[in-house]
Structures are given as structure tokens and as C-alpha cells.
Amino acid sequence: MNKRKLIQWLGLAGVLSFISYALAVIFSPLAFPGYDWMSQAVSDLSAETAPSRQLWAQLSAFYGTGGTICLTCVAIYVSENKIGGKLFRLGIYLFAVMHLVSTVGYKMFPLSDSGKEIESFQEVMHIVVTVAVVLLSILSLFFLIIAGIKKRQLRSIGVFAAIALGMMMVGSIGTGAAPKAYFGIVERFSVFAAVGFTAILGLYLFAGFGKKKEAKNDRR
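Residues numbered from 1 in each chain as written. Predicted model: local features only at pLDDT ≥ 70, side-chain atom pairs only at ≥ 80, totals over all residues. Heavy atoms only, no water.

A. Representation of the nonpolar core. In this structure, Phe88, Phe197 and Phe209 are the most contacted members of the largest nonpolar core, which totals 38 residues. Put simply, the parts of the chain that give this core at least two residues each are α4 (61-80), α5 (86-108), α6 (121-150), α7 (155-177) and α8 (183-206). Element by element, the count of residues in this core is highest for α6, at eight residues. With residues up to four places along the chain from it excluded, the contact list for Phe197 reads Phe95, Leu141, Leu144, Ile157, Phe160, Ala161 and Ala164. (Core = buried A, V, L, I, M, F, W, Y, C linked by side-chain atoms within 4.5 Å. Buried < 20%, exposed > 50% of the residue type's maximum accessible area, 1.4 Å probe, protein only. Helix = DSSP H or I, 4+ residues; strand = E, 2+ residues; numbered from the N terminus. Contact = heavy atoms within 4.5 Å.)

Below, the structure is given as C-alpha cells:
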């Protein structure tokens, strides 16, 4: 029985990151009187003037760190073990970069006030970070979907990538098309897509990306 390496165990940090984020999204509104999750963005909960800012910081403490640990280890593992082809690995690298931009960018440029119009430089930069995160997410997931189509062993990851991309599209299109009363609902499709896919990649890392099975198939 082969023992898992430390780097594989660190894939579980992605699952803990997802749990940390989910707890913050679910319970932070309790510290924000009047917050309407159906119409307001998740980022309103962590805005500088939001009454829920401290609770958000506590509950989401492992979100950024856990996701960064997980995706860094995933990128290292697929690189060192030559998992998939170049397109697959590029998709993984871009997704890891996306998470880093998200973690650092939103800490540098949080919304200064929840629920108000975008006016200040900091708020504009918050939007710039969001655009960069969305574009990197779409590009990385697209590469992973194509890699899954081309290589049977990666097909399940391609399916999960397609689901994540679909959720992001629902969020991106929905936030512009849906009535303001339902903005928060469609926006959550986007935010949970990336966090959820990070957890999925962490579980694949924990399982070794089926490397043993893939090697066996390649010898046939």
C-alpha cells in the first residue's frame, strides 16, 4: 500500500478553504443588520465599514491561505509528475495565479463601503481585480475543459471545470441581466464556482490525480 506524500495531504487545504469561505458567507450576515443576501454582493460583508467585517475575517481566516497552499501544491505536483499535457498544466498554473490575484488584490483593495456606488480609486481597483480574476478563471477553466476532451484520464476534471465555468457564466451574465433584487443570488454562482473548483483540485491532488492508473493505461 503506497503512502500519500505530504504534498498530497496538503491538497485537503483546498477543502478547508471552501469550508472556511462557506461559513463566512453563511454566518457573517448575522453581524450585518439589514443585509439582504438575495440582493447584495458577498463582498459587502467584508467592506471596511461593514459591521460584519470582523466576523467575516474570523470565519474566512483559512480561505485565502488554504486555497493558496492547495493550488500551489497542485501546480507543483502536476509539474513535477508531468500530469496531463502542456495545455492541462497551463490551465492549472493560470488557475493558481487567479487565486493569488484574488487573495492579494481583494486584501489590497477592499470595498470602502458596502452597498454604495463605485467612486473612489480603491473601489475602482476592486473592480479591476474582479475583472482580472474573472478573465483568468475563464481562460484557465477553458484550457482544462479542452484538456479533458483530448485526454480520457482527465475527462472528469474537464467536466468539473465545465460546471465551474458554467456557474461563472451564470454569475457574470446574471449580475447584469437579473433584477437588482436577485443580484446576490446570481453573484454567488460565480464566487462559489472558483472556491468549489479549488476544493475539487485539492481532492484530486490528495488522490494523486490518478497517476498510478494513468501510468498503467499508458503501458497497455
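From this point, the discussion proceeds with the structure in view.
B. Quick peek at helix α2 (residues 12-27). The end-to-end C-alpha separation of α2 is 23 Å, in line with the 22 Å expected for 16 residues at 1.5 Å each. When we look at burial in α2, the residues that qualify are Ala13, Gly14, Ser17, Ser20, Tyr21, Ala22, Ala24 and Val25. If you follow the buried residues of α2, they end up packed against α1 (6-9), α3 (53-59), α4 and α8. (Expected span 1.5 Å × (residues − 1).)

C. How the structure looks around the packing of aromatic side chains. This structure, assessed with the given rule, holds 12 aromatic pairs. Considering the side-chain rings of Tyr21 and Phe192, the 5.6 Å spacing of their centres and the 75 degrees angle between planes classify their relative orientation as edge-to-face. Within this pair, whereas Tyr21 is found in helix α2, its partner Phe192 is found in helix α8, the two being separated by 171 residues in sequence. Seen from their ring centres, Phe88 and Phe209 are 6.3 Å apart, and the 80 degrees between their planes marks the pair as edge-to-face. Placement of Phe88 in helix α5 and of Phe209 in the loop between α8 and α9 (211-219) is noted, with a sequence separation of 121 residues between them. Side by side, Phe88 and Phe209 carry an identical accessibility label, which is buried. Grouped by ring-pair contacts, the aromatic residues Phe18, Tyr21, Trp56, Tyr63 and Phe192 constitute a single cluster. Against the face of Phe206 rests Arg4, its NZ or CZ located 3.9 Å from the ring centre. (Phe/Tyr/Trp six-rings, centres within 6.5 Å; stacked < 30°, edge-to-face > 60°. Lys NZ or Arg CZ within 6 Å of the ring centre and 35° of its normal.)

D. Focus on α8. Look at α8: 35 Å from first C-alpha to last across 24 residues, which is about the 34 Å you get at 1.5 Å a residue. Maximum bend of α8: about 30 degrees, positioned at Phe192. A large share of α8 lies buried, amounting to 17 of its 24 residues. (Bend = angle between axes of the 7 residues up to and from the residue.)

E. Representation of the packing of α4 against α8. Interaxial distance between α4 and α8 falls to 9 Å at its minimum, and their mutual angle equals 45 degrees. Classified by the angle between their axes, α4 and α8 sit oblique to one another. The handedness of the crossing between α4 and α8 comes out as left-handed. Taking contact as the criterion, the partners of Tyr63, Gly67, Cys70, Leu71, Cys73, Val74 and Tyr77 in α4 are, on α8, Val195, Thr198, Leu201, Gly202 and Leu205. Within the contact of α4 with α8, the residues separate by chemical class into nine nonpolar, three polar and no charged. (Axes fitted to C-alpha atoms, helices over the stretch in contact; angles between N-to-C directions. Parallel < 35°, antiparallel > 145°, perpendicular 65-115°, else oblique. Left-handed = near helix turned anticlockwise from the far one by under 90°. Nonpolar A, V, L, I, M, F, W, Y, C, P; charged D, E, K, R; others polar.)

F. Region of the structure containing a nonpolar patch on the surface. A surface patch of nonpolar side chains, about 1,000 Å² in accessible area, is lined by Leu6, Trp9, Leu10, Leu16, Ile19, Leu23, Ile26, Phe27, Leu30, Phe62 and Ile69. Where the nonpolar patch is concerned, the elements lending two or more residues are α1, α2 and α4. Checked against the element boundaries, Ile26 lands in helix α2. Looking at Ile26, the relative accessible area reads 52%, which means it is exposed. (Patch = residues over 30% accessible without salt bridge, like charges linked within 9 Å, V, L, I, M, F, W, Y side chains within 5 Å. Areas by Shrake-Rupley, 256 points an atom, 1.4 Å probe, with all protein chains shown as cover. Salt bridge = Lys/Arg side-chain N within 4 Å of Asp/Glu carboxyl O.)

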